[in-house]
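# Residue-level structural notes
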Amino acid sequence: MMDDQEAETTPALAPMRMQAMGGTWLAASLALGILAACGSDDPDQNQVGVPSAGALLIMNTDDSVARCTVNEAGEIRRCVTSPAEGLATPGTPELADRRAYVGNLANHTLAICDLNSEGALTSCHQADHSGVLSSPFNVAVNQSSLYVTNDNGSLAVCTLDGGGMPLDCSLALEKKTLERPVGLAVYGDFLMIAEQSRHAVRVCDLGSGLSAQSCRSFDGDGAFNQPAGMTISEARL
């Protein structure tokens, strides 16, 4: 585990500085921006061959949400900040089926919010699964399953009902199994977890049932150096 001095001087953590405080991670600036296509900000440009504009959502550490328009030139415009009920030191959000899933680090819950046509968060609800969620930070959705990494090194899995609400949550990986999980992504039948303190990415086979035995660890031939986040594309990580 990194000490406080190392955490403050590691360049990889500059966008999202983590500080150990009784096992809880606090994001010092913002969690993550999400780009959701929602049509051009110029009605005359909403036509075939013209890129759509999007809504950029930023989860702030004061529990507010900044929403901006991103035009076809990639310029961020028209930013508005508003409070969002249901957020409590939000972590990394995940979008799925017009919903946003956000881990609340401060109160160990999961916020499930609707996304309106303008990309704004509305009607946020908190899901409290005592004993399963512990300062949840990363969230990933795969069809009817929701995966959450906790700050205590565990991984929770929940079944989503028809309305996208999490049910029947349980721990698939017990606490201290993971070492600072800072990235989470689903690729086909595999769940990938970036572990900062282990300098590795753990790949779990969802097809054979999620467990510690179904996971393998890869160090990227030494290329992973305290990973601070992760995303995945169709062809490569």
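Residues numbered from 1 in each chain as written. Predicted model: local features only at pLDDT ≥ 70, side-chain atom pairs only at ≥ 80, totals over all residues. Heavy atoms only, no water.

### Topic: the overall build of the chain
On a plain count of helices and strands, the chain comes out with 1 helix and 18 strands. Of all 237 residues assigned to the chain, the portion counted as buried reaches 46%. Just so you have it, the chain exposes about 11,900 Å², and 48% of that area is on carbon and sulfur atoms. (Helix = DSSP H or I, 4+ residues; strand = E, 2+ residues; numbered from the N terminus. Buried < 20%, exposed > 50% of the residue type's maximum accessible area, 1.4 Å probe, protein only. Areas by Shrake-Rupley, 256 points an atom, 1.4 Å probe, with all protein chains shown as cover.)

### Quick notes on the pairing of strand E10 (residues 121-127)
Bridge count for strand E9 (residues 109-115) against E10 is 5 bridges, and the pairing is antiparallel. Looking across to E10, one finds that Leu 115 is bridged to Leu 121. A loop of 5 residues connects E9 with E10, the two strands running antiparallel in sequence, and Gly 119 in this loop sits at a positive phi of about 85°. (Pairing = 2+ DSSP bridges.)

### Description of the sheet that holds strand E13 (residues 155-160)
On the basis of which strands lie adjacent, the open sheet formed by 4 strands has the order E11-E12-E13-E14 and antiparallel pairing. Of all the strands in the sheet, the pair left with one neighbour each is strand E11 (138-142) and strand E14 (166-173). Within this sheet the neighbouring strands show an average axis-to-axis angle of 20°, counted without direction. Judged from the 5 bridges that link them, E11 and strand E12 (residues 145-149) form a sheet pairing that is antiparallel. By the bridge assignment, Asn 138 is partnered in E12 with Thr 149. (Axes fitted to C-alpha atoms, helices over the stretch in contact; angles between N-to-C directions.)

### Side note on the nonpolar core
One finds Tyr 101, Leu 110, Val 139, Val 141, Leu 146 and Val 148 to be the most contacted residues of the largest nonpolar core, which totals 15 residues. Here the element with the most residues in this core is E13; it accounts for 3 residues. The residues contacting Leu 146, other than those within four sequence positions of it, are Tyr 101, Leu 110, Val 139, Ala 140, Val 141, Ala 156, Val 157, Cys 158 and Leu 160. Counting residues in each nonpolar core, the second largest holds 13 residues, with Leu 178, Leu 184, Cys 204 and Cys 215 among its members. (Core = buried A, V, L, I, M, F, W, Y, C linked by side-chain atoms within 4.5 Å. Contact = heavy atoms within 4.5 Å.)

### Let's talk about the state of the cysteines
Going through the model one piece at a time under the given rule, you end up with 4 disulfides. Bridging Cys 113 to Cys 124, the disulfide has an S-S length of 2.1 Å. Note on the Cys 113 and Cys 124 pair: the S-S dihedral is about 110°, so by sign convention the disulfide is right-handed. Residue Cys 113 is located in strand E9, and its partner Cys 124 is located in strand E10; the two are separated by 11 residues in the primary sequence. The same class applies to Cys 113 and to Cys 124, which are both buried. A sulfur-sulfur separation of 2.0 Å characterises the disulfide bridge that pairs Cys 158 with Cys 169. (Disulfide = S-S within 2.5 Å.)

### Remarks on the pattern of salt bridges
Per the counting criterion, the structure on display carries 5 salt bridges. Linking Asp 114 and Arg 99 is a salt bridge whose minimum nitrogen-to-oxygen distance equals 3.0 Å. One end of the pair, Asp 114, is in strand E9; the other, Arg 99, is in strand E8 (residues 99-104), and 15 residues separate them in sequence. Given a relative accessible area of 17%, Arg 99 falls into the buried group. Glu 195 serves as the salt-bridge partner of Arg 198, at 2.5 Å between the closest nitrogen and oxygen. The structure contains a network of salt bridges with shared partners spanning Glu 179, Glu 195, Arg 198 and Arg 202. (Salt bridge = Lys/Arg side-chain N within 4 Å of Asp/Glu carboxyl O.)

### Focus: the pairing of strand E17 (residues 200-205)
Burial analysis of E17 places 5 of its 6 residues in the buried class, the great majority of the element. Pairing geometry for strand E16 (residues 190-195) and E17, over 6 bridges, is antiparallel. Each residue of the ladder has a partner; that of Met 192, found in E17, is Val 203. Counted along the chain from E16 to the antiparallel partner E17, the turn is 4 residues long, and its residue His 199 has a positive phi close to 55°.

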